[in-house]
Amino acid sequence: MSSLKNSHQSRWWDKWDKAAGSFDLMNRGVELRYGEVKREWFSHSQGLTLLVAAGTGLDLQYFAADRTIVGIDISMKMLEKAKAKAVISVCNSALLRADVQNL
């Protein structure tokens, strides 16, 4: 049973690795429509904040400069893109490959 789970996880992770290249473009409309709403939502974060499914780091821009964010994602390709955004983000952030189901 565990080998089936691992195989399923591998396929799921591969799916998101493949999507990383076009993820930002596919979500451009969402960012334009909800960007300021996200900024308001994320302004309520306090202390150390866990960002689940950090993806390519699109949401990092919405956190205030005094916030510390730990972003997790199952896709290394997504995290590679997120790390480039983390460098220019005003918040403090760490990005890790992790599955929220196995924290």
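Structure shown above.
In this text the structure is predicted, and so the values were computed from the model without any measurement.

Caption draft 1: Representation of the sheet that holds strand β3 (residues 92-97) within the structure. One open sheet accounts for 3 strands, arranged β1-β2-β3; its pairing is parallel. Across the chains shown, the open sheet's two edge strands, defined by having one partner strand only, are β1 (48-52) and β3. Along the sheet, successive strands turn relative to each other by an average axial angle of 20°, direction set aside. In the sheet, β1 pairs with strand β2 (residues 68-73) via 5 bridges, with the strands oriented parallel. Residue pairing for β2: Leu 48 is matched across the bridge by Thr 68. Helix-sheet contacts for helix α4 (residues 76-88) involve β2 and β3, and the interaxial angle to β3 is about 170°.

Caption draft 2: Main features of the side chain of Thr 49. Here Thr 49 shows up in strand β1. Apart from the residues lying within four places of it in its own chain, the contact partners of Thr 49 are Phe 63, Thr 68, Ile 69 and Val 70.

Caption draft 3: Geometry of the environment of Asn 92. Within the secondary structure layout, Asn 92 lies in strand β3. Each C-alpha atom of the pair Asn 92 and Thr 68 lies 4.7 Å from the other, and the pair is 24 residues apart in sequence. Sequence-distant contacts of Asn 92, that is, excluding residues within four places in its chain, are made with Ala 65, Arg 67, Thr 68 and Ile 69.

The rules we used
- Residues numbered from 1 in each chain as written.
- Predicted model: local features only at pLDDT ≥ 70, side-chain atom pairs only at ≥ 80, totals over all residues.
- Heavy atoms only, no water.
- Pairing = 2+ DSSP bridges.
- Helix = DSSP H or I, 4+ residues; strand = E, 2+ residues; numbered from the N terminus.
- Axes fitted to C-alpha atoms, helices over the stretch in contact; angles between N-to-C directions.
- Contact = heavy atoms within 4.5 Å.

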